[in-house]
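Observations on the model geometry
Residues per chain, in single letters:
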Amino acid sequence: MNQTTNIFSKLANQYLKGEVEEEQAMDPEIERIIHGLQKKSEVTKLKMIQELKQLLPTKNQQFFDEFTPIFVTVYKKFVDTEYEKRVLEQSNIILGLISQYGKASIQKKFKNIFPQWFIMMNDFTIEISQTATQSFNQLFSKEKHSQALQVCSDAYFNDLKYYLNLNINLIKKEGNIDEDKAEQIYERLIVASIRSIAMALEWSSQLQGFQQSLIGVLNDNTLQLLTSDRPRIISSLLDTIFVIIQNKDIQYFIIDRMDYLLQQTLELLDKKDRLIQNSLWRGYIIKLFQSATQEQLLKLTNLEVKLIELVSKGAYGVGNIFYEKLIIFTSLCPQFITNNLKTEEDYLNRLSSSKKLLDSILLGLDHEESRFFSEKLINSYFEVYYFLLSKRLLPQIQNYQNLVQSLQQFTTQSFKIIIQKALSNQGQLLYNHNPYKQVPSSIGQFFQIVTFDNEVGRNIMTQLLKELIQQEVYDYSVFVEIVKSQLKVNQNSKSYQFIQDFTSQVFDQLYNNNDIEKGSQLFEVLQQKENLQRNDAQTKIQQILDNLIQQVQVIQPQQAIKQAITTKKFIVQLERIQGLKILSQIFSQLIEKEYKQQIKPNEEEQFKIKWITLFILIDENVPHNFYSQMYQIKDVQQEYYTIDKNIPKQPITSQLIQKLISKTLTIQNMSIKLYIPSIIGNMNEEIRNLLKTKYQRLQEILVQKSDNKAYLNVFEEISFVFSRTQLDPIIFTVLSNLYLRSQSVRGKFLVSILNKQHQQLFIDNFIVQLPKITIEQVDKFIHYLQDCINQLHLDSSLLIQHLNFQIRSPISWKIFQILNCPQDYFKQQYDKKNFDLISKFLAANYSSFMLYDHKLKRFIQNFVSNNIKPIILDSFEAYEDISIEFIEYLYNFDDIVYGVALKNLVRSIQLEEQHLNIQSPQANKLNQIIITWLQRSLDQNKISSHITLRQIIGNIKIDDQMPIDKSVETFLLTKSTQYLDIITLTLQQSDQSKLLQDDAKLSQIVETMFTIDFQSNFDKMVAFDFINLVSEKITITPFAAHILDITNLFKKLFNSNTEPQKYYSFAIISALQFLRKIINFIEAFPVEFIDYLNFQLTDTLLNIIQFCIEIRQEFMDEQNDQLFIEFAETLLRVIQNQYWVNFDSTIYYKLLQSPFISIQKAAFLALQMKKAKLDKQQVTEILNSIDLKKEEIRLIKSDDEDIEDVITFPLKSSILTHLLTWLTVLQHEQKSEFRESFDLYLENLCYILNFLTEQGVQPRFTYREVYSMEIDLIVLQDDQSELLKLVVISFYQFIIAQQAQFKSWHRECSQQQRKEIEDMLIYISKAIYLREVEIIELKQDEWRQEGFEIFALKHNQEILASYQKEEQKIEVLITMPNGFPLKQLRIEAKKGVKLGEDKIRKWALMIRQILQNNNDTILDALKLWKLNIDKQFEGLEECAICYYVIHQTGELPKMACRTCKHKFHSCCIQKWFQTSNKSDCPLCKSQFL
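Residues numbered from 1 in each chain as written. Predicted model: local features only at pLDDT ≥ 70, side-chain atom pairs only at ≥ 80, totals over all residues. Heavy atoms only, no water.

1. Some thoughts on unusual backbone geometry
- The omega torsion across Phe1380 and Pro1381 is 10°, close enough to zero to call that bond cis.
- By secondary structure assignment, the location of Pro1381 is in the loop between β3 (1368-1375) and β4 (1386-1390).
- In this structure, Tyr316 takes a positive phi of about 55° despite not being glycine.
- Checked against the element boundaries, Tyr316 lands in the loop between α20 (303-312) and α21 (319-332). (Helix = DSSP H or I, 4+ residues; strand = E, 2+ residues; numbered from the N terminus.)

2. Regarding the environment of Glu700
- One can find Glu700 in helix α39 (residues 685-704).
- Along the primary structure Glu700 and Val734 are separated by 34 residues, whereas in three dimensions their C-alpha atoms are 8.8 Å apart.

3. Regarding the side chain of Ser719
- Position of Ser719 among the secondary structure elements: in helix α40 (residues 709-723).
- Since its relative accessible area comes to 0%, Ser719 is described here as buried.
- Here Phe715 takes part through its backbone oxygen, which lies 2.7 Å from a polar atom of the side chain of Ser719.
- If sequence neighbours within four positions are ignored, Ser719 has contacts with Tyr695, Leu727, Ile731, Leu750 and Ile753. (Buried < 20%, exposed > 50% of the residue type's maximum accessible area, 1.4 Å probe, protein only. Polar contact = N/O pair within 3.5 Å; in protein donor to acceptor, adjacent residues only side chain to side chain. Contact = heavy atoms within 4.5 Å.)

4. What to know about a negative patch on the surface
- A surface patch of negative charge is lined by Asp874, Glu877, Glu880 and Asp881.
- When you line up the elements, Glu880 lands in the loop between α48 (854-877) and α49 (881-891).
- On the basis of relative accessible area, Glu880 is assigned to the partly exposed category, the value being 35%. (Patch = residues over 30% accessible without salt bridge, like charges linked within 9 Å, V, L, I, M, F, W, Y side chains within 5 Å. Areas by Shrake-Rupley, 256 points an atom, 1.4 Å probe, with all protein chains shown as cover. Salt bridge = Lys/Arg side-chain N within 4 Å of Asp/Glu carboxyl O. Lys, Arg positive; Asp, Glu negative; His and termini not counted. Charge placed at Lys NZ, Arg CZ, Asp CG, Glu CD.)

5. Considerations on helix α2 (residues 28-38)
- The set of residues buried in α2 consists of Ile30, Ile33, Ile34, Gly36 and Leu37. When α2 is viewed along its axis, its buried side chains cluster within an angular range of 160° and face the same direction.
- For α2, the elements touching its buried residues are α3 (42-55) and α4 (61-81). (Arc of directions from axis to C-beta.)

6. Topic: the confidence of the model for the protein
- Averaged over all residues, the pLDDT of the protein equals 80, while 83% of them reach at least 70.
- Summarising per-element confidence for the protein, the mean pLDDT is lowest in helix α1 (residues 3-17) (39) and highest in helix α15 (residues 231-245) (95).
- A low-confidence stretch, residues 1-24 stays under pLDDT 50, and its non-local contacts, those more than four residues away or across chains, total 34 contacts.
- Below a pLDDT of 50 lies the segment residues 662-671, which in the model reaches 32 contacts outside its immediate sequence neighbourhood of four places, other chains included. (pLDDT = per-residue confidence, 0-100.)

Structure, rendered in structure tokens:
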């Protein structure tokens, strides 16, 4: 570009060719990086810079001395020719690293690099300017900036002059780049150069002569940039001129060119660009006009027209700064100056200009963004209005008496128009805001400062206030605000007396007309003034009250209440203004009369309305707005607290209270609630007993039937009374009952009245309630507990001691989750030897009830690991006898879950000792105890104890205490499976090569084993464990003669557990492990055994699943979670075997509906591997089984019932089944058969996506995971982000399968749904692109031919196809945007020499149609594109409609016109006939047929 470009090229070439002096030979590392920085690729340059960022902090000064001069040249070239902003930003960071680690080297080259560095500090891209400034500040502190500038001034002036005279052609030529990039570089350099001038002026304030030299660089050509078509250049130049004109030493540069600048500024007023308008009105235009002479301003003939246009358009959106400056600008405009007028016509012209200006200000409210500056606009209107009137027009009117009426008309009309808009419906919401809400405040300010001294001014003031009174008011509250703002005018103001007269007129108007509605609003803002005193005020009040009492008898109750509220406000304010206190005297007798009245049943409602009317009027202590609040409140809780806060406790008679309790306290009504504070205030034993009797009766009714709203309302009223006196425990019985019946919404008010004083009552009730709670009720009961605990501020740990932990019931464990357990609670229990509680916690995690609640299981597991196990381990390490005592206690349980707990505890102890590298006496003692237990269980043939011990025996050297030879001898003698198990366990601890290599002894054991009749599941488990061990340690050969026995044993196990028997899970687990070991050579087994497995495995699994769903108490200690994991692994292994021929998808879809996640996962993976024919009826039932939106509507319609989220965590297995089934269907060739269910599926996906969005769930996955369908189903149960990933994957699979259907459905979505879906498309479109690329790479054998190439340009998500045919090269570039498929593919075809533009465009269109409508891949489209080119060159005639020889259907053009003989595809010509409604040939227009 400039000299730096050539310097760099020469220097780089010298280095690369080795043409430098020997002592300057480059470091190879520098050489490689310089090579990379010369590349055109942004990626390569950024990669090199990234390497530099890691490399530079490790280098010494010698390296920097070699590297820095070269990088300075590179940097200067980047500044001049680089268009990638990221490269410039990162280059500045490199400068910072050089300044930090190689400061001396950069100082040597500072003068050389300073101009470009300084330019970058002023770049309009914030990232570039910030990094440049930060790196510069590392070299020079702010105090030394001016010094650095002075040192480099000559270089800066020289390069600045060069940059300011740049043009685009020069940049194109020097940088060898295209025009678009050249234009970007041009704008960047010009803007940065101009902005650098302002910074240089700021830095050089103390440098003598510098600023004058700097201005010398500028010339008329620089100012001509104001005519540029680039707003950013104009804006930066305006800002810089503003800086110059404020500097007295150099403002001459602007003054000398004032005429030109004024004319250009006038033209810029028409520019709608906000950058330009912001720069104009930040200060530039005001300062320019202030610096110009009056003669120069008068030359601007179009100034008024352009200003009014600008004002009427809201300054094109920059109103926030524009309207602040408008009054100053108006004062400078010659069109509004009046001191040099000569004729009446001149004055009328000024009047006309003023009116146009004011009208145009209000037109600015029509701007679409006026809500951001409407307040300043209204203020500006009144400022300009006052300025024009008082400073321009009024002072000169004495010279033109004939025009007084015209002035008054202008003044009142301008005032009236804005008042009308504020008081009419135009003042309501506009663009979701009220632009005229500022009017009342602005009017008050106007009258505060107005100073109309002459007669004309006073007449104008009178007329303005008259207009205000006469206006038709749409919203009276706005008028009240106007009056309120006027009343703030102080007594020293010239307009004070006018305001007093005005308020007196307004008051009389309402007072004389008995206008209660308006008076109740206006009188509130009026003060007690002498001019408002009226002699007949008392009579007036009496008259109003009489009218009200008469109205109560005839109007509707709600109207009566509203009328009473309004009347009270009116009278109270009127009393205050008049200085009276008569309301209570007027009503004293009337109230007493009403209290004594006997209420007839049919007059009860009328009495209530009359009473509330009187109450409203008599009670002066109640805020006047209380009743209007009560009138609008719908929420019961809010009603009670509003009453309690505002209504005082009246000393009313006991007789009246009894009447209320006995007769009217059975109906919920506002009038009754108003008595509650008085009942509380007059509480005595008699009243309490009355309430207690009614309370108990209500409790009995509500416990039986809680949906009786009337009774519940009365119960709430009495509960509220008791909560302020002495709460009755009955409240908790009713409250918990509401929650258990899913009616917690109805209990909301009862919860709200609880406080700390009620804590013990709650605990007592909890103790009573807990034993009655069922498993089905526990979640609702927990909801009740949480709400009460939070409201009571209860230390929830107080409830722990009352929990009844059961190893086979989840109730207390679930409740424990929500309680705050003290850190030392279990340490105290352990020290007190409460071993039962500790044991249950250790064993609970292995109980079968945990199988269904992964969240609870994880909680207990973490709690035990963090809070209980450390207590026991610490005790064991401290050699405390209590630790051994506890282990012995744990062993004495028969349940296997305690055995598993014991195994894990002992393993933890041993791992801890291994970690500490010790073998403590305590551990030896424990081992000896375990061996003793084991021997005892063998002697007593106690299987339950044996199973417990086998869980932990693997951690202890058995052979030391029980030699294996003796165990073998005993087994051969007794045929005891327990001893066979001991042999297996002993062999697991070491190779025991002596026994395993003793073929005779091993054969004897095997032969003896198969003489045993394995009856129990324990026996079968031991047999398969032994077979598995031998097969693993050596081979299955020892059992070769017993293959049939093994298969019979396998069948016997599964057949005997059709109805599961004790220890079924242990035995089947061992059998499944055996099956996985033999699967690779299963052909050695009988064919009938393989056939048996084909059916029996899944049948048994389905039976066990059903059994576990309704599991009996005695089976709660089975290892079902491990069993399902083993089943899942086995099924996935066997279905891949070639002998596994019976894959029934019907069964696997049943398994997919299992509530157990491991089975669901296995079924899902199996269905993906095996694409067997689908049972449409079965699959459709699953697909249509869930309608989330419909389910939500059903819940919402459940009157007063708790509305739970349709989606809960852990995630319901039914929802997971639904989603996984759809994923398998979408990947199946039969997917089109389920088209009628597509919309329901998409709606469900959208519902889940909306739910997760509202929960604030953010994606924590990548598009690669979406493409490869990486779903962690185990994590998904509790992880909302994983569910979000599954939803995105589901959308992705649907789009690649049914793109057109998806787009059609999306068009009908709501705006919210579209937004949520489109946010996810960034992952989906990237995944689709990755899929397309991998298809191209995997199918190279299908498409790769000479001359035909396909390239993936992954950085921009592009695919480029290039085809060389007969010396012509044809290319098509396909770009997949983020947001595909809702955003169209961009297809750019580059034509060959012999191909027409229409043909190229048509081909591009067809590629798009293939990809977006037929769900084909990009490779399919490109192969068809290439094939058409081949046919084109072969001379085959193309279809004249689509320009393709081969249609995407594979058809050639065969339908020929009889006249012109052109041929068409049959589908193309048929479509032509349909769309044109003609049967003419598209080319010759003759009849085709």
